[in-house]
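# Coordinate analysis (summary)
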Amino acid sequence: MKFNTKTIHGGQHPDPATGAVMPPVYQTSTFAQKSPGVHGGYEYSRAANPTRTALENALASIENGTRGLAFSSGLAATDCVLKLLKPNDEVIAMDDLYGGTYRMFSKIYQEFGIKFHFVDMNDLDKFKSLINENTKLVWVETPTNPLMKLADIEAVAKITKEKNLLFAVDNTFATPYLQRPLDMGADIVMHSATKYLGGHSDVIAGALIVKNEQLGEKLHFAQFATGGTLGPQDSYLVLRGIKTLHLRMQRHCENGEKVANFLSNHPKVKTVYYPGLESNPFYDIAKKQMQGGFGGMVSFTFESGKKEDAIKFLESVRVFTLAESLGGVESLANHPALMTHASIPEDKRKEIGITDDLVRLSVGVEDAEDLLEDLRQALG
Ligand code: P1T
């Protein structure tokens, strides 16, 4: 089955009780049993719920995995992976990450005795030099939030396989429409399903997808035992979103490219971060591992380098909405240093390039003309 068909039919069956084409929202916490322990596959909704199962099957299908797990947020999904670790274990993570992921690693799990190294995964020698007998997990976002850096998934996977390390890829920005990390050697794909998978800015959700069934069992055990599962109503919303993922992503990519080109030619704009620009240092990796476009996320800085110019721009947009989050049908604009990445200490932010004049755009699926006109007027 091709990807665009999988978004609609992958792992889906009409409801066995009624033939309903979309799974009903099984809004129940528990299921009647015939005799203690004898039931039809469902006992308690923290363990499994049929609406969540339908979503989890769709997730496994679109990422070419065997097992999908749906969580109450993207961070709950990440948290579940970290629960596979023990004190003294070490993690090597990409140096540019969503601020909340960095906060979880550095403020929660570091306190539990897990050591984190943050490195640019494009420096493979540096990456290899950090691996020791305690290293257990490699964590990569590609493209990264907010600087749109890429890691070569196949190259990293070659090393993690040799060294027997778990390799997780946060595929939130690319989505499986553009990139399928499990096919490139990653062990775990993670999503903030709040974003493109849900697609309509109306749900907080997360996902993990794996190929290896044993690993899937371990993750399901950690999820069931600690409780970060997604409710049936929200599972339904994400499943509905996935049905149009390919249509939305096609337009996100077209509009993203137009916005990136427009900004690249604007005299007030200094640097545009978009993997689809030929001038982008990650363009070759993007061509290799992202198929069918480069996504709808675009970040940029101002020629003046001034924070005030970024703020003025963000206060002036009219079609774009100034808000956290991304990946919905509507265009959003964000100031990473003051908003999504404020939890990263200032010196760290500056070191990796999250400057005070950096603006991040989530380019939606509106008419591109209206988006460009809005950017033109807001840039002044
Ligand atoms: O918000 P939540 O669903 O818990 O997902 C966390 C998360 C994980 N990974 C990436 C790449 C993300 O972008 C996010 C959430 N990001 C935002 C809310 C944001 O505006 O960047």
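Scoring rules and cut-offs
- Residues numbered from 1 in each chain as written.
- Predicted model: local features only at pLDDT ≥ 70, side-chain atom pairs only at ≥ 80, totals over all residues.
- Heavy atoms only, no water.
- UniProt positions renumbered as here; feature names shortened; annotations may be inferred.
- Near = heavy atom within 4 Å.
- Polar contact = N/O pair within 3.5 Å; in protein donor to acceptor, adjacent residues only side chain to side chain.
- Areas by Shrake-Rupley, 256 points an atom, 1.4 Å probe, with all protein chains shown as cover.
- Helix = DSSP H or I, 4+ residues; strand = E, 2+ residues; numbered from the N terminus.
- Nonpolar A, V, L, I, M, F, W, Y, C, P; charged D, E, K, R; others polar.
- Domains from an automatic or database assignment.
- Expected span 1.5 Å × (residues − 1).
- Buried < 20%, exposed > 50% of the residue type's maximum accessible area, 1.4 Å probe, protein only.
- Arc of directions from axis to C-beta.
- Contact = heavy atoms within 4.5 Å.

You'll find the protein entered in an unreviewed UniProt entry as Cystathionine gamma-synthase, with Flavobacterium rakeshii given as the organism. The UniProt entry for the protein carries the following comment under Sequence similarities (unreviewed entry): "Belongs to the trans-sulfuration enzymes family." As stated in UniProt under Cofactor (unreviewed entry), the record for the protein gives "pyridoxal 5'-phosphate".

### As for the site of the ligand
What surrounds the ligand is a group of 18 residues, the closest being Asp170, Ser192, Thr194, Ser325 and Arg360. Here an oxygen atom of the ligand sits 2.9 Å away from a polar atom, N or O, in the side chain of Ser192. Here a nitrogen atom of the ligand and a side-chain polar atom of Lys195 are 3.2 Å apart. In isolation the ligand has 480 Å² of accessible area, and contact with the protein removes 93% of it. Of all the secondary-structure elements, those providing two or more residues to the shell around the ligand are α3 (74-82) and β6 (188-192). Along the lines of polarity and charge, the residues of the shell around the ligand split into five nonpolar, eight polar and five charged. Counting residues domain by domain, the shell around the ligand receives three or more from each of domain 1 (3-242) and domain 2 (246-379).

### Details of helix α14 (residues 368-379)
Compared with an ideal rise of 1.5 Å per residue, which puts 12 residues at 16 Å, α14 spans 16 Å between its outermost C-alpha atoms and is within 8% of the ideal. Every buried residue of α14 is accounted for by Ala368, Leu371, Leu372, Asp374, Leu375, Ala378 and Leu379. Seen from one end, α14 has its buried residues packed into an arc of 155°, which puts them on one side. Lining the buried residues of α14 we find α10 (245-264), β8 (269-273), β9 (297-302), α12 (307-316) and β12 (359-362). Where α14 begins, the capping side chain belongs to Asp367, and its oxygen is found 2.9 Å from the backbone nitrogen of Glu369. One or two steps after α14, the chain reaches Gly380, where phi turns positive at roughly 80°.

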